[in-house]
Every structure is written in structure tokens, then in C-alpha cells.
Amino acid sequence: MSFTLHGLGASTGIAIGRAMLMSHATLEVSHLTLAPRLVDKEIARFDKAIAIVKGELATMKENTEHAPAELAAFIDIHTMFLEDSELVEKPREIIRERRCNAEWALVQQMEHLVGQFEQFDDPYLRERKFDVIQVVERVIKELLGHPGRAALKAAKHTKEEALIVVAHDLSPADTIAFKDHRFASFITDVGGATSHTAILARSMAIPAVLGLENARALIRDGEQLIVDGMRGVVIVNPDPRVLDEYRLRMEQLELEKTKLKRLKSSPTVTLDGLDVALHANIELPGDVPDALEGGAEGIGLFRTEFLFLNRGDMPDEQEQFEAYKKVVKGMGGRPVTIRTFDLGNDKDLHPDASAGDRVKTNPALGRRAIRLSLSEPKMFQTQLRAILRASRYGPIKLLIPMLAHAHEIDQTLAAIEQAKSSLRGEKIAFDENIPIGGMIEIPAAALAVGIFLRRLDFLSIGTNDLIQYTLAIDRSDEQVASLYDPLHPAVLMLLAHTIASAEKAGVPVSVCGETAGDPKLTRLLLGMGLRIFSMHPSQILKVKSRILKADVSEIAPNVRKMLRLDEPSKLREALDKLNA
Ligand code: PEP
Ligand code: MG
């Protein structure tokens, strides 16, 4: 039966593919203690479930001749796990020794194995934890009487299709681990449109719909899905007519992309001759080719915290140095802005180690980003030394996230000086004049921007957090996503004030939040005086096409008038007029 789900379009584009359900099985199983006489029966039930799932995988394998290589690889890995004593023998022992029900025994063993995989240094091996989770989920579904065989039959007919991840929630750490898989799309029950999960989907240039509320419960493994990231819609088991329409739309989108590519080598200049710089946001060194392919003139934001996620240890100075050097060298002389880690909040280093900790009710207001860096001086020095060492290989700028207070800036500058002086002592070369900038992400920073302008070499406005904190809405909470509004008059006032103050002080200012990559807002930002934009590589040419057609001398007076409006409907009308 075909049905449609509505959520938040977090990343545009269209994907057509088969559902691949991901969940944390732990949430779904009951914990029972068996009477001794039932233990053998329980082991037999467990063995039968393993055998059935193995059989299902074998049938799937027979039907994957023309399927994407990823699907065949998944099946092989999952089959291998089902033949491994760690997943076959150990749960039997747990059932016998602890008299647990089969599901609970399997989940305990899964958690043990996931913990082991997380310790691996090799990212490929670390990522295998997802395979363990998925294969365990298959067995649990069989044990719970949801074998998903109907879906399996349906999968036989459209072998060539891509995979779409269906999850209740995906943390930024989960999502970054998918980067190499090249899934066609993500959909989740929870999450806001500027959550880091959404940002990662955009950076991978794949459609995503979040905040669907119960997709995970309504969709079955292997069902066919259309994900329309623009409209925030997921169509489950579409009928052939709808499928044809979407295939046509996909072709049109491809055509538009090809046309945009022609703009790549032309300079980014407005009709009235103003130069504009378009930079890329990246999460890992491996994103550099996408940035260059997208036409980036530099990296405007390297979110270094992603180097710290999905691992049991910390990257040491040498490992970080290699990563930063790789980006700088990869960009071949173009500027690279490296943001010191913005850990904490949703990018927690130890998400599972909080059992004994105080429960943090407002992690977004807690010890994240520069607050964490200043409270962990050793970790901060390691990163600063690594960045400084990489600065001899090309133009690097250092960017500090989440600053609010003058004393935080002063302490940060002192920490940078300390790192520099230790390198001087060791006669290690680095750029003595490395520019140091601050992110404007907290309303206090935007309002008291003079504190920043007097101390720093450049500013970068992080609209994702600036909007979150100005409007007091959690950017990762789908329940308040409709209140997330870049056009709120208060947000526009803060943006305009920051850009104008920086211009007056002669301090370069960029926007690196999602606002910079939204073509509907390009003319507005140009009119406010913005000349440096940083965004996902996939957005650069779309924004560039708007810039090439803009006459700022004509736009600026209209934007000034617009900023005097504070009635939302009038503001929207004015934006439509500006873009007409
Ligand atoms: C921002 O807050 O706008 C930003 C660019 O940083 P992040 O999205 O990583 O918080
Ligand atoms: Mg931010």
C-alpha cells in the first residue's frame, strides 16, 4: 500500500531506493529471567532465528546480481557475522549462564562487540559496528516475529535501486561514519533542519527528510521509497505513475546541475563589479576534492571536531597535523580556515560514559566549543600546535567557536601565544602572522561586537547557532523546528549590525552558517554588505548564479528599507520583491 509521510526537508534533491532500517535494538527488547527448564528451548529458538536470517540473506544474495556493490557487500559482511562464534556461540552461553531470553542475550553481546569495534583506530573497522547492529536487528526482528520477509520478496523486483537509511535518530557521529557509504538518502523520526545530522546530509549532497516522527515504525526493511528533500516528503511504495514523475524530476535536477557547472571557472563578480568570495565548509580532509569540484575559492570552515568522533582515543598532535596539512596542501595555496574543535553538546566525546555524570539539561548552553577547549588546556594546546605546524604549508586562518566574553578571547590569544612559543623553543616553523578570528554565534557577541573587532583579525557569523540562541529554540529538536526562522527581525538586526560594524572597522567578516548557502537569501546578504560566503560545496554554484545576476548598488537601498520593517509578513513580501 502506498502512503506519504511529511517531515522537514533538510537537504534538497530526490532519491528513489530501498529502505534500510537502522535502530537501537536495545530499546525494543524485554529483559526476562528464564526458568531453568526453559533454557534449552530458548537456545533452540535462538538457533532457529539465526538459521532463518542466514537463509534470508542467502536469498537476498541470489537476487543482488545487478544491485549496487554496497548491498552485496553488506550481505556478505552480515552473513560472515552470523557465522562468527562471537554472535552465534556467545549469546547461547549468556542464555545458559545468565538465563536471559534470547533477545536480551543477543543485545548484551552486541553492546560488547560494538564497544570493541569503537576501540579500533582504523575508521573502516570502527564503522563495522553498524553492521553488527544491523545484523543483530535482523535476528531480533525474527525472534520478535517480524521477519520482514514480505519486504524481501518486494526487493527482488527492483534490484538496481539505491539504499535509503531509515532511522529513529542519527547523531552527527553516526552520520559522519556513513560518509564513505554513499547512501542515496537519510530519513529520520527526530531532528531539526539545522541539526548537524541535516548539515552532514547537505554536505554529502544527498536528500534528507528529518522529523518524520514515526517513519521507523511505519516503514519496513526493503520497501521502496521516494525521498523528496525539497518538499520534506517521503512516499512509501509509490505507484508507477508517481515513480515516473519523480524519475523525470530527477533527470531535470541533474540537467540543472550540469548547466550550473559551466559557472565554475568564471570569477564571482556582481553586475556592478563587486568581488565576492565563495568558500566551502568541510568536516573531514576527505571533503577537499568536493570543495574544489564545487568551485570553492578556499575553505571557510573546517569543523575539526569530526576528527575526534567515532573513536576510543584522542587524535594526537601528529595525527591532527597530518589532517590539517592534507587540507592545506589539497587546497593548493587557497586560504583554509580551521575552526578549533566545537565538541560538547550534540558532538559529545563520550556520549555513553555519562552514567555517573550529572544529567545536563541544556547541553547547548553548557561546556561546549571554546569553553571546553579552555577547560582542557592540554587537549587545546595539542590542537593549536598541530594547526600552527600545518600553517607553514599554506595560508591557514584560525577560527574560534562560541566566544561570548572578552576574557575568553584574551585567554584564547594567550593559549595561542603559548603554543607559538613552545614551537619557537623547538625551532619548528609556522606562520607567525596566522590570522585569528572569532565566530559570532551568540547574540551577546553580535551585540557587543566591538569586543571582538578590537581583539581579532576576522569574524565569521555562525547563523545556525546565532538563530538557535536568539530565538531560544533547540536547532536539533523537530518539535520547535517551525520556529527556526532566519528572517526573524531580531536575527536580521544582529546580522546587519555585525556586518556593518565589521565593515566600518575594516575587519573581514563572513557568514558560514546555513544561511550563506541558501540562494533565497543571497541578495539579502549582499545588500547587507556581505562579501565572503562559506557553505557546503554543493551550494556554491547555486549561490554564485545569484551573485552574477545581482546589482548591489540597486539591492542595497532596498535591503536598508527592508531592515526597518519588523512585521514578518511585510519582511517576507519584501524578500520576494528583492528576489523577483
Ligand atoms: C553555525 O553555528 O552557524 C556554524 C557554522 O557552526 P556549527 O553549525 O558547526 O555549529
Ligand atoms: Mg555553531
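See the structure above.
Rules used throughout
Residues numbered from 1 in each chain as written. Chains lettered and ligands numbered in written order. Predicted model: local features only at pLDDT ≥ 70, side-chain atom pairs only at ≥ 80, totals over all residues. Heavy atoms only, no water. Near = heavy atom within 4 Å. Polar contact = N/O pair within 3.5 Å; in protein donor to acceptor, adjacent residues only side chain to side chain. Helix = DSSP H or I, 4+ residues; strand = E, 2+ residues; numbered from the N terminus. Donors = N, O, S within 2.8 Å, 3.2 Å for Na, K, Ca; no water. Buried < 20%, exposed > 50% of the residue type's maximum accessible area, 1.4 Å probe, protein only. Lys, Arg positive; Asp, Glu negative; His and termini not counted. Salt bridge = Lys/Arg side-chain N within 4 Å of Asp/Glu carboxyl O. Contact = heavy atoms within 4.5 Å.

Asks: Would you mind showing me how to read the site of ligand 1 here?
Replies: Neighbouring ligand 1 are 17 residues; Arg303, Arg339, Gly462, Asn464 and Arg475 lie closest to it. The contact in question runs from an oxygen atom of ligand 1 to an N or O atom on the backbone of glycine 462, over 3.4 Å. Here an oxygen atom of ligand 1 and a side-chain polar atom of aspartate 465 are 3.0 Å apart. Listed by contribution, the elements that provide at least two residues to the shell around ligand 1 are α8 (196-203), β10 (299-303) and α18 (463-471). A per-element tally of the shell around ligand 1 places α18 first, with three residues.

Asks: Before we go on, may I ask you to explain the coordination of the magnesium ion (ligand 2) in this structure?
Replies: Ideal coordination angles are 109.5 degrees for a metal with four donors arranged tetrahedrally and 90 or 180 degrees for a metal with six donors arranged octahedrally. Protein coordination at the magnesium ion (ligand 2): the donors are Glu441 (OE) and Asp465 (OD), at 2.0 Å from the metal. In this pair, glutamate 441 sits in the loop between β13 (436-440) and α16 (443-447) while aspartate 465 sits in helix α18, placing the two residues 24 residues apart along the sequence. The pair formed by glutamate 441 and aspartate 465 is uniform in burial state, with each residue classed as buried.

Asks: Help me understand the side chain of arginine 523 in this model?
Replies: When you line up the elements, arginine 523 lands in helix α20 (residues 522-528). One buried charge, arginine 523, has no salt-bridge partner; the nearest side chain with opposite charge is glutamate 554, at 5.0 Å. There is a polar contact of 2.7 Å between the side chain of arginine 523 and the backbone oxygen of leucine 578. Arginine 523 has contacts with Lys549, Ala550, Ile555, Val559, Leu578 and Asn579, leaving out every residue within four places of it along the chain.

Asks: What should I look at first to understand the environment of serine 476 in this one?
Replies: As for its placement among the helices and strands, serine 476 is situated in the loop between α18 and α19 (489-505). We classify serine 476 as partly exposed; its relative accessible area is 31%. Sequence separation of serine 476 and isoleucine 338 is 138 residues, and the distance between their C-alpha atoms is 24 Å. Residues in contact with serine 476, not counting those within four places in the same chain, are Gly191, Gly192 and Ser195.

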